[in-house]
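Close look at the chain arrangement
Chain by chain, the residues:
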Amino acid sequence: MSKYKVLVVDDEPSISTLIEYNLKLFGFEVLCVYDGDAVFDVLTTFRPDLIVLDWMLPKKDGIEVCRKLREQQNMVPVIMLTAMQDVHDRIVGLDNGADDYMTKPFSPQELISRIQAVMRRARSLPQTNEDQQYEIGHLHVSADQREVTLEGRIIELTPKEFELLLFLCRHRGKVLSRQQLLHGVWDYHFLGDTRIVDVHISHLRDKLEKNARSPEYIRTIRNVGYKLMEPTSKSHLA
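Heads up: these notes are all about the structure in this document. (Residues numbered from 1 in each chain as written. Predicted model: local features only at pLDDT ≥ 70, side-chain atom pairs only at ≥ 80, totals over all residues. Heavy atoms only, no water.)

With that settled, the discussion passes to the sheet that holds strand E4 (residues 78–82). The strand order E2-E1-E3-E4-E5 describes an open sheet built from five strands, whose pairing is parallel. Edge positions in the sheet fall to strand E2 (29–33) and strand E5 (100–103), since each of these pairs with one other strand and no more. Across the sheet, the mean angle separating the axes of adjacent strands is 20° when strand polarity is ignored. One ladder, built from four bridges, connects strand E1 (residues 5–9) with strand E3 (residues 50–54); its direction is parallel. Bridged to Leu 7 within E3 is Ile 51. Here helix H1 (residues 13–25) sits on the sheet and contacts E1, E2, E3 and E4; the angle it forms with E2, its principal contact strand, is near 170°. (Pairing = 2+ DSSP bridges. Helix = DSSP H or I, 4+ residues; strand = E, 2+ residues; numbered from the N terminus. Axes fitted to C-alpha atoms, helices over the stretch in contact; angles between N-to-C directions. Contact = heavy atoms within 4.5 Å.)

So this is what it looks like as structure tokens:
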């Protein structure tokens, strides 16, 4: 079995060296680059299984790199590194296509655990070519096309908003706790910080509900979590 390849992108040599040393101890093949443009220079020859990506980089910052990867339909898993610790900073990274988020300073052992969790989740994704389609009221979700329509209108979602909605679709009618959603969509518990789930649910409601304060699709189950349901009225018919 070939080694998993990890591309490390950080302009601080001490951090890159630390990450590279620890990843190699766990059997990963590692390549380090030091600016955002270099990512795209090496992609065709190195073909990483995962990218560890610093936010603050020369030439292109981590957000620009992540956004460009997703625009090119390159879905290689990305773990974002940053010194910013506010939950809204995490959401910016995740909404631009990152799969996980770590704040500096960090433990190399925790980074290894995060890498393993993200890659485990990537390997567990269905490999079938059959598109999974979901119809809930006037909401249509295509897993393969990563497309959402509501009453025939295309709804633009960020990558994490789409993954959250898809997870809710796959468990439609079931009450899901915030921790279940956090683990199911991000495959990591973010040290128990479930605010990131609430923020993404709020964003989904703003885009899907006629009235986000009185949602018909994504219901809040008090003191538990959320549930995706068929609308109980015909209010979604224009």
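Having put the structure on the table, let's press on.
Reading across from one edge, E6-E7-E8-E9 is the order of the four strands in this open sheet, with antiparallel pairing throughout. Single-partner strands in this sheet number two, and they are strand E6 (133–136) and strand E9 (153–154). Those strands touched by helix H6 (residues 159–170) are E6, strand E7 (139–142) and strand E8 (147–150), and its axis lies near 105° from that of E7.

As for its position among the elements, Glu 163 is in helix H6. By relative accessible area, which is 16% here, Glu 163 ends up buried. Sequence-distant contacts of Glu 163, that is, excluding residues within four places in its chain, are made with Arg 121, Arg 146 and Val 185. (Buried < 20%, exposed > 50% of the residue type's maximum accessible area, 1.4 Å probe, protein only.)

All right, on to the packing of aromatic side chains then. All told, the structure shown has zero aromatic pairs when counted by the stated rule. Lying across the ring of Phe 46, Lys 5 places its NZ or CZ 5.5 Å from the centre. Taking the ring centre of Phe 40 as reference, the NZ or CZ of Lys 68 above it sits at 4.4 Å. (Phe/Tyr/Trp six-rings, centres within 6.5 Å; stacked < 30°, edge-to-face > 60°. Lys NZ or Arg CZ within 6 Å of the ring centre and 35° of its normal.)

Along the polypeptide, Thr 194 turns up in the loop between helix H7 (178–186) and helix H8 (195–208). C-alpha of Thr 194 to C-alpha of Leu 182: the two residues are twelve residues apart in sequence and 6.9 Å apart in space. Residue contacts for Thr 194: discarding those within four places in its chain leaves Arg 178, Gln 179 and Leu 182.

When E7 meets E8, the two strands line up antiparallel, connected through four bridges. Along E8, the bridge assignment pairs Val 141 with Val 148. Hairpin remark: E7 followed by E8, antiparallel, with four residues in the connecting loop; positive phi at Arg 146, about 50°.

As a further point, take the nonpolar core. Within soluble globular proteins, side chains that are nonpolar tend to cluster in buried spots. Judged by nonpolar contacts, the single largest core of 55 residues is most densely connected at Val 39, Ile 51, Leu 53, Val 141, Val 148, Leu 165 and Ile 218. When residues in this core are grouped by element, the largest group, seven residues, is from H6. Those residues in contact with Val 39, other than ones at most four positions away along the chain, are Leu 7, Val 9, Val 33, Ile 51 and Val 65. Core analysis: the second largest hydrophobic core is formed by 19 residues, Val 6, Leu 50, Ile 79 and Val 118 among them. (Core = buried A, V, L, I, M, F, W, Y, C linked by side-chain atoms within 4.5 Å.)

A cluster of nonpolar side chains, Tyr 21, Leu 25 and Phe 26, forms an exposed patch at the surface whose accessible area comes to about 380 Å². By the element assignment, Phe 26 lies in the loop between H1 and E2. (Patch = residues over 30% accessible without salt bridge, like charges linked within 9 Å, V, L, I, M, F, W, Y side chains within 5 Å. Areas by Shrake-Rupley, 256 points an atom, 1.4 Å probe, with all protein chains shown as cover. Salt bridge = Lys/Arg side-chain N within 4 Å of Asp/Glu carboxyl O.)

The omega torsion across Lys 104 and Pro 105 is -5°, close enough to zero to call that bond cis. With respect to the secondary-structure elements, Pro 105 resides in the loop between E5 and helix H5 (108–124). You will see that Arg 47, though not glycine, has its phi angle at about 50°, which is positive. By the element assignment, Arg 47 lies in the loop between helix H2 (36–46) and E3. With relative accessibility at 60%, the residue Arg 47 sits in the exposed group. Positive phi is not limited to glycine here, since Arg 146 has a value of about 50°. Note on placement: Arg 146 falls in the loop between E7 and E8.

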